[in-house]
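Residues per chain, in single letters:
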Amino acid sequence: MPNEKPKFYLTTPIYYTNGLPHIGHTYTTVVADAIRRYKRMRGYEVVMTTGTDEHGVNVERAAQKAGIPESEYVAKMAVAWKALWDELGIPAEEFIRTTDLRHVRTVQWLFKLFKENGYVYKGQYTGQYCIYDNAFVNDAKPGDNCPDCGRPLETITEENYFFKLSAFQKPLLDFYEKNPAFIQPETRKNEIISFVEGGLKDLSITRTTLRWGIPVPGEEPHVFYVWFDALTAYLSAVGGPDYEKRGLWPCDLHLVGKDIIRFHAVYWPAFLMAATLPVPKQVWAHGWFLMDASKMSKSKGNVVLPRPIANMLGMDAMRYFLMREVVFGQDGNFSYDALVTRYNSDLANGLGNLASRTAAMIEKNFGGKIPKPGPSLPQDDVVAKAASEAIGEALGHFENFEFARSLEAIWAAIATADKYLTSEQPWALGDSEADAQRKATILWTTAELLRVVTVLAHPVLPDSTAKVWTLLGQPGRVSAVELDGLRWGQLTAGVQLGKAQTLFPRVDKQEAIERIEAMANEELNPTQPAAPAATPAPAATAGSAAAAPATEKIGIEDFTRVEMRVGQIKTAERIVGADKLLKLTVDIGTEIRQICAGIAQFYEPEKLIGRKVAVVVNLAPRKLRGVESNGMIVAASVGPEGRPVLAGFPDEDVEVGARLK
């Protein structure tokens, strides 16, 4: 039976492989992923494409500097980009590399269509070229600097194939008029229309001075210009010459940074028109996240890396900040202070606190089952109205890519629930039948609002909302909920809650910023790993390693790289064939970890259940006797035999997941 869902095809830029992703690249990819999740919850069959742009003089020079072939250099970069998106939970259905054979075939096919339709010719070109931005700069003179990056331009003269861009001034203006939503936001549309009205010059689309690129068949040494090459990747990712078989083209949405809007809104549609191929439906140009009032650039040393933030606060926290902090389409300032402030106020004190409070009170008063509400009072109706309004406003704003306003509407509903609990004080009610019924109504109302906001926030907070969904005991996956059918009053009474878990533990702002900066510094300036200890501990505990005297002092930045949390042992069992090892599952607040510990000769497994211990949580996984261990239990090493004694918290009521510092 054919798929009856409407299709939605969207893309990020095809990122240039002159460095690893920073927060600007991550912003675009996060937005694309959120739109993908949202569209699926609206009933669409969605495909998202991202990838790497691997040709051009910059890559050629970077490979020469690294002393390796270009093919090896770009392969390593593509692996690194794809691995980061996978690690951050934002992989695409299609990851296209411009060195892929399917892409090479599409570029050469598109050029062939240009020639057949009379839109290319040979000529000589002399111009000022920015090797960093891979673009000729119009009206620049020898010795000028690039107006975008400020670095010196180079004069290049060569035989090129030219594309008759000048022939498309009127077709493009007519197209913009007939499709007013094609370029967004409005400021970018006005900018592009003004540019096209000013007249279009024919565009060089091949190079002869460059070796590293896709060859023009039968026209060596011509290779295709990197922008013609890269733009075509959107089409080659979904079938190229056979695009009709997949049924995804034309693209529904190209997401790009404002600095590359001209390539996508002028050159790309003109290319497609020349080949008589369908033109994309929309190009959305977002602004930049600025550091020190300037665009992030590795050469300027002002980049913000995504991995340290995700490691410290979680990927959902970064997603929320990026989509909540600025109006989509405008520039915004990035600061770690604002990031951590939003994390604590909106996530820890907002959604996280509402979920934990609601679940704890239902657990205490109703045995962990969603209570059946009694008659509603006006104050209950206020909450119901707030939830219903949040549904309409959040979905309406998201549909228009007004992400900040959508999240603002959701968090307004959360604030209403917090105020409701504070005023109604269900914890102060007694045990009479009337009080019990009132308590049931309050907690059902709060849980229902929590269910609604969990569904609405899922495209932006996929991991944490999945946990809240499980906490509420709801069936299936929250991602499978149809947004069009979301209504107030759908929470079923009597459902058993899931296991309680910490969503967003509060963090100390200064400590969190220091840890993020230390991790970022390490990633930007990697050092050689320290030599392994001569006699490592036999298991993943601090054991014998702790007994060794310190041979050199370390800085605070070294210590802050070690993340320790309070964990609670849930299960413990011996590992067959390993006399010294126990396999533990440990609750660290945000998740349950499996950890191997070399304490089997000194601790009975059953006596460890429920014990709170200190856990190092940011170690790379390792296998011990074939069992994967994801962390380390901290222990002292006592006596000549190095008997491990677990570090713990026997006399203190310490929250699971609390940080050690």
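Above: the structure in question.
We now turn to the structure provided with this report. Predicted model only: the values in this text are computed from it and were never measured. (Residues numbered from 1 in each chain as written. Predicted model: local features only at pLDDT ≥ 70, side-chain atom pairs only at ≥ 80, totals over all residues. Heavy atoms only, no water.)

Side note on unusual backbone geometry
How we decide: Put simply, DSSP marks the helices as runs of H or I at least four residues long and the strands as runs of E at least two long, and each gets a number from the N terminus on. Working definition: with a 1.4 Å probe on protein chains only, accessible area under 20% of the residue-type maximum means buried, over 50% means exposed, and in between means partly exposed.
That bond from Glu-220 to Pro-221 is cis: its omega, 15 degrees, falls within 30 degrees of zero. With respect to the helices and strands, Pro-221 occurs in the loop between strand S9 (206–207) and strand S10 (223–224). In this structure, the amide linkage connecting Trp-249 to the following residue, Pro-250, adopts the cis form with an omega of 15 degrees. Mapped onto the secondary structure, Pro-250 falls in the loop between helix H8 (243–246) and strand S11 (253–257). Even without being glycine, Thr-276 reaches a positive phi, approximately 55 degrees. Examined against the element boundaries, Thr-276 turns out to sit in the loop between helix H9 (261–274) and strand S12 (283–286). A relative accessible area of 64% places Thr-276 in the exposed class.

Focus: the pattern of salt bridges
For clarity, the cut-off: One side-chain nitrogen of Lys or Arg within 4 Å of one carboxyl oxygen of Asp or Glu is enough to make a salt bridge.
Taken as a whole and assessed by the stated rule, the structure comprises 45 salt bridges. Across the pair Glu-94 and Arg-102 runs a salt bridge, and its minimum N-O distance is 3.3 Å. Judged by relative accessible area, Arg-102 falls into the partly exposed class, the value being 33%. In this structure, Asp-346 engages Arg-342 in a salt bridge whose closest nitrogen and oxygen atoms are separated by 3.0 Å. Remark: Arg-342 and Asp-346 occur in helix H12 (residues 336–366); sequence separation between them is four residues, near one turn of the helix. For the pair Asp-346 and Arg-342, a shared accessibility class is recorded, and that class is buried.

Observations regarding the pairing of strand S16 (residues 564–575)
Basically, it comes down to this: Whether two strands pair depends on DSSP finding at least two bridges between them.
When S16 meets strand S19 (residues 612–616), the two strands line up antiparallel, connected through five bridges. Across the sheet, Gln-568 pairs through a bridge with Lys-612, a residue of S19. As paired elements, S16 and strand S17 (residues 578–587) share seven bridges and run antiparallel to each other. If you follow Thr-571 over to S17, its bridge partner there is Thr-585.

Topic: the environment of Ala-636
One can find Ala-636 in strand S23 (residues 635–638). Residues Ala-636 and Ala-647 lie 11 residues apart in sequence; the distance between their C-alpha atoms is 6.9 Å.

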